[in-house]
Amino acid sequence: MLTDTEGIVLRQVKTSYGRRMILFSKKYGKISAGTGLNERGKGKSSLALRPFTYGRYELFKNRDSYNINGAEVLKSYYGIGEDVDKYMNGAYVLEFTERVLAEEVPSPGIFSLLIDFFDLLENRDKGIGTLVLAYQTKVFRYTG
């Protein structure tokens, strides 16, 4: 079954037979998906396979796994990678979000909260720690 969804890559795991992504999708929640797409190329899908990128992903779902067939960038948070403090706090938030979410449970509130967090983090110069604490507090409100 082919489907498409918006999402953010939480983590990449390189394996011998390809690459696995932990993807936080708007429609399906946190899922693990494999891909054979090249992340080092100049195609439009190469940037969408990296963390801190909000993208649209074409997924193929078989019985118990997902595969990313295509990807396109909706918004790249490139500015986060230019500052070490922003990058470290952003990476912490991605890891925190991955640990809080249950597998294959849609969480549209947390998804939009994560997008808002990245927008604020990219444009903010001071008070990044406060922003992270505010994000954590709001995520705990959604998760109970």
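Above this text you will find the structure in question.
Residues numbered from 1 in each chain as written. Predicted model: local features only at pLDDT ≥ 70, side-chain atom pairs only at ≥ 80, totals over all residues. Heavy atoms only, no water.

Chemist: Teacher, can you tell me more about the overall build of the chain here?
Modeler: Across its full length, the chain carries four helices and five strands. Taking 2.2 N^0.38 as the reference for a compact globule, 144 residues should give roughly 15 Å; the C-alpha atoms of the chain span a radius of gyration of 15 Å, in line with that estimate. The dimensions of the chain, computed from C-alpha atoms along their principal axes, are 40 × 35 × 25 Å. Here the chain holds 144 residues, and the buried ones make up 44% of them. Look at the contacts in the chain between residues 6 or more apart in sequence, and 60% of them connect residues 24 or more apart. (Helix = DSSP H or I, 4+ residues; strand = E, 2+ residues; numbered from the N terminus. Rg over C-alpha atoms; globule rule 2.2 N^0.38 Å. Buried < 20%, exposed > 50% of the residue type's maximum accessible area, 1.4 Å probe, protein only. Contact = heavy atoms within 4.5 Å.)

Chemist: Teacher, can you tell me more about the packing of aromatic side chains here?
Modeler: The geometry of an aromatic ring pair is captured by two quantities: the separation of the ring centres and the angle between the planes. Per the counting criterion, the structure on display carries eleven aromatic pairs. Between tyrosine 28 and tyrosine 66 the ring centres are 5.7 Å apart and the planes differ by 50 degrees, which places this aromatic pair in the tilted class. You can see tyrosine 28 sitting in the loop between β2 (18-25) and β3 (29-35) and its partner tyrosine 66 sitting in strand β5 (residues 66-76), a full 38 residues away along the chain. Pairwise contacts between aromatic rings join Phe52, Tyr77, Tyr87, Tyr92, Phe96, Phe117, Phe118, Tyr135 and Phe140 into one cluster. (Phe/Tyr/Trp six-rings, centres within 6.5 Å; stacked < 30°, edge-to-face > 60°.)

Chemist: Got a minute to help me understand a negative patch on the surface in this structure?
Modeler: Where like charges cluster on the molecular surface, the negative patch consists of Glu82, Asp83, Asp85 and Asp125. Here aspartate 83 shows up in the loop between β5 and α2 (84-100). Taking relative accessible area as the criterion, aspartate 83 reaches 30% and is therefore assigned partly exposed. (Patch = residues over 30% accessible without salt bridge, like charges linked within 9 Å, V, L, I, M, F, W, Y side chains within 5 Å. Areas by Shrake-Rupley, 256 points an atom, 1.4 Å probe, with all protein chains shown as cover. Salt bridge = Lys/Arg side-chain N within 4 Å of Asp/Glu carboxyl O. Lys, Arg positive; Asp, Glu negative; His and termini not counted. Charge placed at Lys NZ, Arg CZ, Asp CG, Glu CD.)

Chemist: Is there a simple way to think about a nonpolar patch on the surface in this case?
Modeler: Among the surface-exposed residues, Val84, Tyr87 and Met88 lie close enough to one another that they form a single nonpolar patch of about 330 Å² accessible area. By relative accessible area, which is 53% here, methionine 88 ends up exposed.

Chemist: Looking at this structure, I do not really get the nonpolar core. What am I missing?
Modeler: Inside soluble globular proteins, nonpolar side chains tend to come together where they are buried. In this structure, Ile8, Leu114, Phe117, Phe118 and Tyr135 are the most contacted members of the largest nonpolar core, which totals 25 residues. Counting only elements with at least two residues in this core, the list comes to β1 (2-15), β2, α2, α3 (108-123) and α4 (128-143). Here the element with the most residues in this core is α3; it accounts for eight residues. Beyond its immediate sequence surroundings of up to four residues, phenylalanine 117 is in contact with Val93, Leu131, Val132 and Tyr135. Counting 13 residues, the second largest nonpolar core, distinct from the first, contains Val9, Met21, Ala48 and Ala71. (Core = buried A, V, L, I, M, F, W, Y, C linked by side-chain atoms within 4.5 Å.)

Chemist: Would you mind going over the side chain of glutamate 122 with me for this structure?
Modeler: By secondary structure assignment, the location of glutamate 122 is in helix α3. Setting aside anything within four residues of it in sequence, one finds glutamate 122 in contact with Lys75, Ser76, Tyr77, Tyr78, Gly79, Ile80 and Lys86.

Chemist: Sorry if this is basic, but what is going on with the layout of surface pockets here?
Modeler: With a probe scaled to a water molecule rolled over the atoms, the places where space remains empty come into view. Roughly 390 Å³ of volume is contained in the largest pocket. Where the lining of the largest pocket is concerned, the elements lending two or more residues are β1 and α2. The biggest single contributor to the lining of the largest pocket is α2, with seven residues. Of the residues belonging to the lining of the largest pocket, the class tally is ten nonpolar, three polar and six charged. (1 Å grid on protein atoms, 1.4 Å probe; cavity = no way out; pocket = protein on both sides within 12 Å on 5 of 7 lines; lining within 4 Å. Points joined across faces, edges and corners; volume = space filled by probe spheres on them. Nonpolar A, V, L, I, M, F, W, Y, C, P; charged D, E, K, R; others polar.)

Chemist: What is the right way to look at the side chain of threonine 5 in this model?
Modeler: Note on placement: threonine 5 falls in strand β1. At 3.3 Å, the side chain of threonine 5 and the backbone nitrogen of lysine 27 are in polar contact. Beyond its immediate sequence surroundings of up to four residues, threonine 5 is in contact with Ser25, Lys26, Lys27, Tyr28, Gly55, Arg56, Tyr57 and Leu59. (Polar contact = N/O pair within 3.5 Å; in protein donor to acceptor, adjacent residues only side chain to side chain.)

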